[in-house]
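Notes for the structure review
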Amino acid sequence: MAEGGKMAAGSGKMAAEAGVGQVVLPGDVLLLPARPDHDAEQLPLGSEAAPRGRLLCGPGLRRCAAGLLVTKCGLLRHRQPGGGGGAAAGGAYWVDSQQKRYVPVKGDQVIGIVTARAGDVFRLDVGGSEQASLSYLAFEGATKRNRPNVQVGDLIYGQFLVANKDMEPEMVCIDSSGKASGMGVIGQDGFLFKVSLGLIRKLLAPKCEIIQELSQLYPFELVLGMNGRIWVKAKTVQQTLIIVNILEACEYMTSEQRKQALAKLSGN
């Protein structure tokens, strides 16, 4: 380990807090802060009994005995918990990497294409190594008598309920309270296209400048899937195609180039 808690990529172990923003390689181990006052034999009482913030292990990482094991190459990222308190109090760690194939992750909201119907289960293409399953009861208000109208070829916006390497991915179109929350069958009109996973993460960031600038150009509907798929619908076909071209090109454009292109379009 280098000075200051830093580590050359692939050299072994390092503190998770010190590795945030650095390049990590598969096989590296991130050590989590220990609790020296914690004794497994004793039951904590009083105010000290409150558990620390929950630590989430995101894409590119896997839990191991020593801490977190890196499984993908990229930059280590960390998100502070809602209550603050630093990395030791919880939050989420993940590896920000550029990859072409999407790997399903539990909780990710994606756009799937219905490819078949087998009994009471729909098969969806989500861009991964295998298709995901979706039960007809996984829709808001769905019952055995009141089944959703889903046909082969429809677009479904939902989230993963089960996603790991040992089981078939399973999707649902309801949240924990049984509400749709915007998920379900996407409208027939519109345009579906695919972009890189890195661009999707950029567009899903809070207060994304690209989305804000496009909303000033034309009114449109937009659905973003973590699997790299985007569905767009504007007032006319021409406006829809313009927005699609801008979204595809903005990954390779600087902020200034994007603003110049939007200014030309708004002047027409």
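Residues numbered from 1 in each chain as written. Predicted model: local features only at pLDDT ≥ 70, side-chain atom pairs only at ≥ 80, totals over all residues. Heavy atoms only, no water.

1. Here's the deal with the overall build of the protein chain
- A tally of helices and strands in the protein chain yields four helices and 17 strands.
- Residue burial in the protein chain is summarised as follows: out of 268 residues, 36% are buried.
- Accessible surface, the protein chain as shown: approximately 15,600 Å² in total, 52% of it carbon and sulfur. (Helix = DSSP H or I, 4+ residues; strand = E, 2+ residues; numbered from the N terminus. Buried < 20%, exposed > 50% of the residue type's maximum accessible area, 1.4 Å probe, protein only. Areas by Shrake-Rupley, 256 points an atom, 1.4 Å probe, with all protein chains shown as cover.)

2. Observations regarding the confidence of the model for the protein chain
- On average, residues of the protein chain score 83 in pLDDT, and 85% of them are at 70 or above.
- For the stretch residues 1-9, pLDDT sits under 50, and the model shows 17 contacts to residues farther than four places along the chain or on other chains. (pLDDT = per-residue confidence, 0-100. Contact = heavy atoms within 4.5 Å.)

3. Description of the environment of Leu56
- Within the secondary structure, Leu56 sits in strand β4 (residues 55-57).
- Separated by 25 residues in sequence, Leu56 and Pro81 have C-alpha atoms that sit 9.7 Å apart.
- With residues up to four places along the chain from it excluded, the contact list for Leu56 reads Arg63, Arg79, Gly91, Ala92 and Tyr93.

4. Thoughts on the packing of helix α2 (residues 209-217) against helix α4 (residues 255-267)
- Relative to each other, α2 and α4 sit at 10°, their axes nearing to 10 Å. Relative to α4, the element α2 lies roughly parallel. In this structure, α2 uses Glu209, Ile210, Glu213, Leu214 and Leu217 to contact α4, whose residues at the interface are Ser255, Arg258, Lys259, Leu262, Leu265 and Ser266.
- Here the residues of the contact of α2 with α4 sort into five nonpolar, two polar and four charged. (Axes fitted to C-alpha atoms, helices over the stretch in contact; angles between N-to-C directions. Parallel < 35°, antiparallel > 145°, perpendicular 65-115°, else oblique. Nonpolar A, V, L, I, M, F, W, Y, C, P; charged D, E, K, R; others polar.)

5. A few points about the pattern of salt bridges
- Counted by the stated rule, this structure contains eight salt bridges.
- The partner of Arg229 in a salt bridge is Asp125, with the nearest N and O atoms 3.3 Å apart. Highlighted residues: Arg229 in strand β17 (residues 229-234) and Asp125 in strand β10 (residues 121-125), separated in sequence by 104 residues.
- Within the structure, one salt-bridge network assembled from shared partners comprises Arg77, Asp96 and Arg201. (Salt bridge = Lys/Arg side-chain N within 4 Å of Asp/Glu carboxyl O.)

6. Quick notes on the pairing of strand β8 (residues 91-96)
- Judged from the three bridges that link them, β4 and β8 form a sheet pairing that is parallel. The residue of β8 that forms the bridge with Leu56 is Ala92.
- Direction of pairing for strand β7 (residues 74-79) relative to β8: antiparallel, over a ladder of five bridges. When the sheet's bridge partners are listed, His78 is paired in β8 with Tyr93. (Pairing = 2+ DSSP bridges.)

7. Structural notes on the sheet that holds strand β6 (residues 67-70)
- Overall, mixed pairing links the four strands, which are arranged β1-β3-β6-β5 in an open sheet. Strands with a single pairing partner mark the edges of an open sheet, and in this sheet they are β1 (13-15) and β5 (61-63). Neighbour to neighbour, the strand axes of the sheet diverge by 30° on average, direction disregarded.
- For β5 and β6, the ladder comprises three bridges, and the chain directions are antiparallel. Its bridge partner lying in β6, Arg62 is registered against Leu69.

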